[in-house]
Amino acid sequence: MTVEEHGLHLLTIESRKKLKLAGVQHVGSFDEQEITLDTNMGFLKLSGEGMHITHLNLDEGNLVVEGLINGLEYVEGRSSKGSKARGKGLINRILK
């Protein structure tokens, strides 16, 4: 799939202290040790210490996290809204 099909997905980390992400669709849960997100490229789990979301704009899909970033993990077949990701077919969008 191309950028046109998914939209822009860009992740940058500055000195493990600041993470910028484009392509955010939904923030599931967040605390100082873990943040879960749905992105246009799948479910993403961030782990760290003292993490805080300092900027979030879901209309534009942008997120900035500050704190110590220890890890990030993309998880297939999962969503921050529930245990399993569902397809975004026409019926699911209508019933949402």
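This structure is a prediction, so every number in the text was calculated from the model and none was measured.

Asks: Help me out: how do you make sense of the overall build of the protein in this one?
Replies: A count of helical and extended segments in the protein gives two helices and six strands. Helices and strands in the protein line up, N terminus first, as α-β-β-β-β-β-β-α. A total of 96 residues make up the protein; the buried ones form 27% of that total. Sequence separation of 24 or more characterises 43% of the internal contacts of the protein that already satisfy a separation of 6 or more. Carbon and sulfur atoms form 52% of the exposed surface of the protein, whose accessible area is close to 6400 Å².

Asks: What am I meant to see in the pairing of strand β5 (residues 42-57) here?
Replies: Remember that side chains alternate between the two faces of the sheet whenever the strand is regular. Here strand β4 (residues 34-39) pairs with β5 via six bridges, running antiparallel. Residue pairing across strands places T36 opposite K45, the latter belonging to β5. What sits between the antiparallel neighbours β4 and β5 is a turn of two residues. Counting the residues between successive antiparallel strands, the hairpin from β5 to strand β6 (residues 62-75) contains four residues, one of them, G61, with a positive phi of roughly 80°.

Asks: Could you clarify how one ought to interpret the nonpolar core in this entry?
Replies: The nonpolar side chains of a soluble globular protein tend to be buried, and buried together. Counting residues in hydrophobic clusters, the biggest one holds twelve residues: L19, L21, V24, V27, I35, L37, L44, L46, M51, L63, V65 and I69. Counting residues per element, the ones that place at least two in this core are β2 (18-22), β3 (24-30), β4, β5 and β6. Dropping the residues within four chain positions of it, L21 is found in contact with H9, L10, L11, L37, T39, L44, G61, N62 and L63.

Asks: Please explain the confidence of the model for the protein as it appears in this structure.
Replies: Residues of the protein with pLDDT of at least 70 account for 77%, and the chain-wide mean is 85. By mean pLDDT, helix α2 (residues 90-95) is the weakest element of the protein at 53, and β2 is the strongest at 98.

Definitions and cut-offs
Residues numbered from 1 in each chain as written. Predicted model: local features only at pLDDT ≥ 70, side-chain atom pairs only at ≥ 80, totals over all residues. Heavy atoms only, no water. Helix = DSSP H or I, 4+ residues; strand = E, 2+ residues; numbered from the N terminus. Buried < 20%, exposed > 50% of the residue type's maximum accessible area, 1.4 Å probe, protein only. Contact = heavy atoms within 4.5 Å. Areas by Shrake-Rupley, 256 points an atom, 1.4 Å probe, with all protein chains shown as cover. Pairing = 2+ DSSP bridges. Core = buried A, V, L, I, M, F, W, Y, C linked by side-chain atoms within 4.5 Å. pLDDT = per-residue confidence, 0-100.

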